[in-house]
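Inside the fold
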Amino acid sequence: MSRSQNEEFQQWWNKQRDRPTTNHDVLYTGDDEAFLTVEIRTPVVDDPDKDRIRTRSARQLSRLYLLKFKQLASSFLWIGHSFLYLLRTANRRIANDNPPSVSSSARLYRLIKGFLVLVVLLLFFELAAYFKGWHFTPPSVASAEVALEVVYAWWLEIRASYLAPPLQSLTNVCIVLFLIQSVDRLVLVLGCFWIKLRRIKPVASMEYPTKLVGDGVRLEDYPMVIVQIPMCNEKEVYQQSIGAVCMLDWPRERMLVQVLDDSSESDVQQLIKAEVQKWQQRGVRIVYRHRLIRTGYKAGNLKAAMNCDYVKDYEFVAIFDADFQPPPNFLKKTVPHFKGNDELALVQTRWAFVNKDENLLTRLQNINLSFHFEVEQQVNGVFINFFGFNGTAGVWRIKALEDCGGWLERTTVEDMDIAVRAHLCGWKFIYLNDVKCLCELPESYEAYKKQQYRWHSGPMQLFRLCFFDILRSKVSAAKKANMIFLFFLLRKLILPFYSFTLFCVILPLTMFFPEANLPSWVVCYIPGIMSILNIIPAPRSFPFIVPYLLFENTMSVTKFGAMISGLFKFGSSYEWVVTKKLGRSSEADLVAYAESGSLAEATTLQRSSSDSGLTELSKLGAAKKVGKTKRNRLYRTEIALAFILLAASVRSLLSAQGIHFYFLLFQGITFVVVGLDLIGEQVS
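In this text the structure is predicted, and so the values were computed from the model without any measurement.

Analysis parameters
Residues numbered from 1 in each chain as written. Predicted model: local features only at pLDDT ≥ 70, side-chain atom pairs only at ≥ 80, totals over all residues. Heavy atoms only, no water. Axes fitted to C-alpha atoms, helices over the stretch in contact; angles between N-to-C directions. Helix = DSSP H or I, 4+ residues; strand = E, 2+ residues; numbered from the N terminus. Parallel < 35°, antiparallel > 145°, perpendicular 65-115°, else oblique. Left-handed = near helix turned anticlockwise from the far one by under 90°. Contact = heavy atoms within 4.5 Å. Nonpolar A, V, L, I, M, F, W, Y, C, P; charged D, E, K, R; others polar. Core = buried A, V, L, I, M, F, W, Y, C linked by side-chain atoms within 4.5 Å. Buried < 20%, exposed > 50% of the residue type's maximum accessible area, 1.4 Å probe, protein only. Patch = residues over 30% accessible without salt bridge, like charges linked within 9 Å, V, L, I, M, F, W, Y side chains within 5 Å. Areas by Shrake-Rupley, 256 points an atom, 1.4 Å probe, with all protein chains shown as cover. Salt bridge = Lys/Arg side-chain N within 4 Å of Asp/Glu carboxyl O.

As for the packing of helix 19 (residues 636–654) against helix 20 (residues 658–675)
One can describe the packing of helix 19 onto helix 20 by two numbers: an axis separation of 8 Å at closest approach and a directional angle of 160°. As the angle between them shows, helix 19 and helix 20 are arranged roughly antiparallel. The hand of the helix 19/helix 20 crossing is left-handed. Note on element contacts: helix 20 touches helix 19 through His660, Phe661, Leu664, Leu665, Gln667, Gly668, Ile669, Phe671, Val672, Val674 and Gly675, opposite Glu638, Ile639, Leu641, Ala642, Leu645, Leu646, Ala648, Ser649, Ser652 and Leu653. Counted by class, the contact of helix 19 with helix 20 contains 14 nonpolar, six polar and one charged residues.

Observations regarding the nonpolar core
Ranked by size, the top nonpolar core spans 88 residues in total, and within it Ile242, Trp396, Val420 and Phe488 carry the most contacts. Top element by residues in this core is strand 9 (residues 428–439). It accounts for seven residues. Ignoring sequence-local partners within four residues, the contact set of Ile242 consists of Ile229, Met231, Val259, Ile272, Glu275, Val276, Trp279 and Ile286.

Quick look at a nonpolar patch on the surface
Together, Leu186, Leu190, Phe193, Ile532, Ile536 and Phe542 make up a nonpolar patch on the protein surface, roughly 540 Å² of accessible area in all. Considering each element in turn, the nonpolar patch owes the most residues, three residues, to helix 4 (residues 147–198).

With respect to the pattern of salt bridges
Within the structure shown, the criterion is met by 22 salt bridges. In this structure, Lys278 and Glu275 form a salt bridge, with 3.1 Å as the shortest nitrogen-oxygen distance. Of the two residues, Lys278 and Glu275 are both situated in helix 6 (residues 266–281); the distance of three residues between them amounts to about one turn of the helix. Residue classification places Lys278 among the partly exposed residues on the basis of a relative accessible area of 30%. The salt bridge involving Asp417 is made with Arg410; its shortest N-O contact spans 2.9 Å. Exposure remark for Asp417: the relative accessible area of 0% places this residue in the buried category.

So, the environment of Val395
Turning to its location among the elements, Val395 is positioned in strand 8 (residues 394–397). Along the backbone, Val395 and Thr334 are 61 residues apart, and their C-alpha atoms lie at a distance of 7.2 Å. The residues touching Val395, leaving out its near neighbours within four places in the chain, are Phe316, Val317, Ala318, Phe330, Thr334, Phe338, Ala345, Leu346 and Val347.

Observations concerning the packing of helix 9 (residues 360–383) against helix 15 (residues 545–567)
It is the contact of helix 9 with helix 15, at a shortest axis distance of 10 Å, that shows an interaxial angle of 85°. Here helix 15 runs roughly perpendicular to helix 9, going by the angle between their axes. Residues Leu361, Leu364, Ile367 and Asn368 of helix 9 form the contact with helix 15, whose own contacting residues are Pro547, Tyr548, Phe551 and Glu552. Of the residues assigned to the contact of helix 9 with helix 15, the class counts are six nonpolar, one polar and one charged.

Here it is as structure tokens:
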């Protein structure tokens, strides 16, 4: 900048500084030219429309708030309408459930409903005390002033002196039972490891060649075998079971197939008759039997079949339920074990499942049954030669059946009944873990619940009926103790009792009675270890270990109710409901699809007894699946227990009990999922 321009700027600057201050935009102050203070002001604008703009903005804001209020009100109305619709739907589904009023499940539901009311009242009482601050400084009866404070002080004294001690005693008893059952489970797992380590397994004294006759084996070397297929209205699976049995690799002259049809539907009877006639035309010795008086359920059906005159000509009987498909070499793998072993009554084989990965429910069932067969059955078969007959996929010596009194109709677990009586008569059993028989798991929670109810009520019926027979039997004292304390009491009675009592009753109560303590290791650590042990036989299911633990606790209410029903002889304990099956694809489907019309050609097809690699078979079975819309049911007992556990989780949150809170929260959510029937068939 030149000197003349600098002087002009200095003169202008001095004039601006000397002017009086008004509503200027910028004000310069300060005497020192090097340091000036600059104040920026907003000019005052006299706008005549200023008040009108403000009025219009306020009116628009009011309309905006009114619109928001209308949206909020409509949202609340929608929520209320949805809640009422949910209540009406729940009431309709519960009403359509038609539970028998005299059944143990109805009695148990009434008790749980009363327990729920008590828990909710206690929760509101504790919430009121928490917001009053009484949790931090508990009041005493002498210092209390308000009526509610006096009531709470009395409650604290009664709770600590009279209610908590008996609850703590019950807790200690259940903990002891829990530890005993855990030790039993650990011993079984160690026994299984020992069997695997030493490669112990039953060895037959002979083997049949691949060809039926030849290599020094005559037709007379094959014993006479009856194969029985009891069924009742199972139109989805009858074809594959009959087809698989008729293609067993055994001389036709030495095998007779009995199809024992107890179906009450005439169209199902005609379908089964037509299937039997088809195989008769192909040269298979197969007969169709239908009872006019269908009493005694499956036991009555098998008993009537064994009363036929021609049974005396046969030495063994193999039994398969309607959804089971044995591999072609089934008889060649099982019958040789009877050779030279006259004390052997039963050869039981393992189940394999064609639909174990169908949904979450089938995956959880696979964990349980894999442990049952891989550990329980195998260990008991190797070390004590006794286990419960699974009712199917086994071969019996007919002489042993007759010796122990045959099939009896006194319980709904006729398979366990005859196994116990045969063991008391001195007969021995063998379990073959490497011979697998394909079958199907129930895919809906409704079917699974009915199956588990029958499986847990029947053993208690049987224990009540045969207790004195066990004491009077001639077997050793060790075998009597094993049957009474391990087989019946520990694994059939104590397990469902402590599971339900400890995790569904005592744990919620300890949240409202903090003087009674349930240790963290009982709630979390020991159950987690036991779940890991249970899942070892099915390692692919390890990602489902947490759902498995929660679901087993959820099923404890069904098992507990069934156990009480069977023990005290309630009417519902004698109900038999056939487990619903869907006829999933299997090797039998592939054989039926591939056969060219003659049995000789069909028997040349090689089928694996493995329960994996069924992708192509699943595609074939998909065409058979009937697409019916499934309507979810509502299980009121599970829903009531869900509210109990969730209320207890809120109470535990007030006391800052971390592990207990998370366990109660997730267990309550699991009960909600099961109670709303969201697990099973439709979760695919």
